Amino acid sequence: MPRKLSKQSSFTSAASTTPSSAVATSSASQIPQSLTDPTLPLPKLVVFDLDYTLWPFWVDTHVTPPLKPNAAHSLATDRHGEEYTFYSDVPHILQLLPRALSDSSTPIKLGVASRTHAPGLARDLLKMLHLPPTREGDKPRKALDVFDAGMEIYPGSKIRHIELLQKRTGVEFEDILFFDDESRNQETESLGITMRLVRDGVCWAEIEKGVQDWRRRRGVRKGSV
């Protein structure tokens, strides 16, 4: 498992501990029951930050190009031989979450909102990292291809990122759920969206808690997780 890089330290002194959400679980390939209850609503658009949300590093400061994927496209190696990949639940989340149906029976859209200063490198990594099949007959997919709502990857306020994703999809702000690791980005809730602040990356438990937060803002009390 590629190491988690500390937010406080430089690349050369990065911490070598594995984040709790990067530990594989037996349920990683299953959608939690709380997200499949047909009587409960789900957001129509789920937006993810990248750094320390989908993967445990800053792509613009920790990664030294060029990147090269391994044979399975499960991770990529940079110029120094360091390995980079998603938190362990993320590949299954990106594959399975769109299959959880909202109250309108429309697949959930996925988007990216990242303020990295290395947008090209972030996109390269999303191309190199493939998502494993989760059901018979499926083929591996580039992570880049699952974000059907689009990707806003550039420095600046996340409010603009969210506004453009909303405009592109036509999804109402109140139907958007956003996962991010920085508290300053809670300003996006002024738009009417729900933001879930994650401390150690996205995992199924965080997805459930985020959906619970979103339902609570909509006044839905049934089915707490």
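Since this is a predicted model, take the numbers as computed values, not measurements. (Residues numbered from 1 in each chain as written. Predicted model: local features only at pLDDT ≥ 70, side-chain atom pairs only at ≥ 80, totals over all residues. Heavy atoms only, no water.)

A look at the sheet that holds strand S2 (residues 68-69)
Ordered in space as S2-S3-S4, the three strands form an open sheet in which the pairing is antiparallel. Of all strands in the sheet, those bounded by a partner on one side alone are S2 and strand S4 (83-84). Here two bridges tie strand S3 (residues 76-77) to S4, and the two strands are oriented antiparallel to one another. The residue bridging Thr-77 from the neighbouring strand is Glu-83, located in S4. (Pairing = 2+ DSSP bridges. Helix = DSSP H or I, 4+ residues; strand = E, 2+ residues; numbered from the N terminus.)

Points about the confidence of the model for the chain
Per-residue pLDDT for the chain has a mean of 87; in total, 83% of the residues score no lower than 70. Under a pLDDT of 50 for its full length, residues 9-26 has, in the predicted model, 37 contacts with residues more than four places off or in other chains. (pLDDT = per-residue confidence, 0-100. Contact = heavy atoms within 4.5 Å.)

With respect to the pattern of salt bridges
Per the stated rule, a full pass over the model turns up 14 salt bridges. Across the pair Asp-49 and Lys-158 runs a salt bridge, and its minimum N-O distance is 3.3 Å. Pair noted here: Asp-49 is in the loop between strand S1 (45-48) and S2 and Lys-158 is in helix H3 (residues 158-169), with a separation of 109 residues, a long-range link. Grouping residues by exposure puts Asp-49 and Lys-158 together as buried. (Salt bridge = Lys/Arg side-chain N within 4 Å of Asp/Glu carboxyl O. Buried < 20%, exposed > 50% of the residue type's maximum accessible area, 1.4 Å probe, protein only.)

Brief notes about the nonpolar core
Looking at soluble globular proteins, one finds that nonpolar side chains tend to be buried together. Phe-48, Trp-55, Phe-86, Phe-147 and Ile-207 are the most contacted members of the largest nonpolar core, which has 47 residues in total. Elements with a minimum of two residues in this core: S1, helix H1 (90-96), strand S5 (109-114), helix H2 (119-128), strand S8 (150-153), strand S9 (176-180) and helix H4 (204-217). Here this core gets five residues from one element, more than from any other, and that element is H2. Counting 13 residues, the second largest nonpolar core, distinct from the first, contains Leu-45, Ala-149, Leu-191 and Ile-193. (Core = buried A, V, L, I, M, F, W, Y, C linked by side-chain atoms within 4.5 Å.)

Topic: the sheet that holds S9
Strand order across the open sheet formed by five strands is S8-S5-S1-S9-S10, with parallel pairing between neighbours. Unpaired on one side and paired on the other, S8 and strand S10 (194-197) mark the two borders of the sheet. Taking the axes of each pair of neighbouring strands and ignoring which way they run, one obtains an average angle of 20 degrees across the sheet. Bridge analysis of S1 against S9 gives four bridges, and the strand direction is parallel. Directly across from Val-47, in S9, lies its bridge partner Phe-178. Across the sheet, H4 is in contact with S1, S9 and S10; its angle to S10 comes to roughly 145 degrees. (Axes fitted to C-alpha atoms, helices over the stretch in contact; angles between N-to-C directions.)

Section: the environment of Ser-88
With respect to the helices and strands, the residue Ser-88 is situated in the loop between S4 and H1. When its relative accessible area of 18% is taken as the criterion, Ser-88 is described as buried. Taking the C-alpha atoms as reference points, Ser-88 and Val-202, separated by 114 residues in sequence, lie 9.0 Å from one another.

Brief notes about the packing of aromatic side chains
Within the structure shown, the criterion is met by five aromatic pairs. On the numbers, 5.3 Å between centres and 10 degrees between planes, the contact of Trp-55 with Phe-57 is stacked. For the residue pair Trp-55 and Phe-57, the accessibility class agrees, reading buried in each case. Taken together, a centroid distance of 4.8 Å and an interplanar angle of 75 degrees make the contact between Phe-57 and Tyr-84 edge-to-face. Residue Phe-57 is found in the loop between S1 and S2, and its partner Tyr-84 is found in strand S4; the two are separated by 27 residues along the sequence. Summarising the burial analysis for this pair, Phe-57 and Tyr-84 share the class buried. Chaining the aromatic ring pairs together yields one cluster made of Trp-55, Phe-57, Tyr-84 and Phe-86. (Phe/Tyr/Trp six-rings, centres within 6.5 Å; stacked < 30°, edge-to-face > 60°.)

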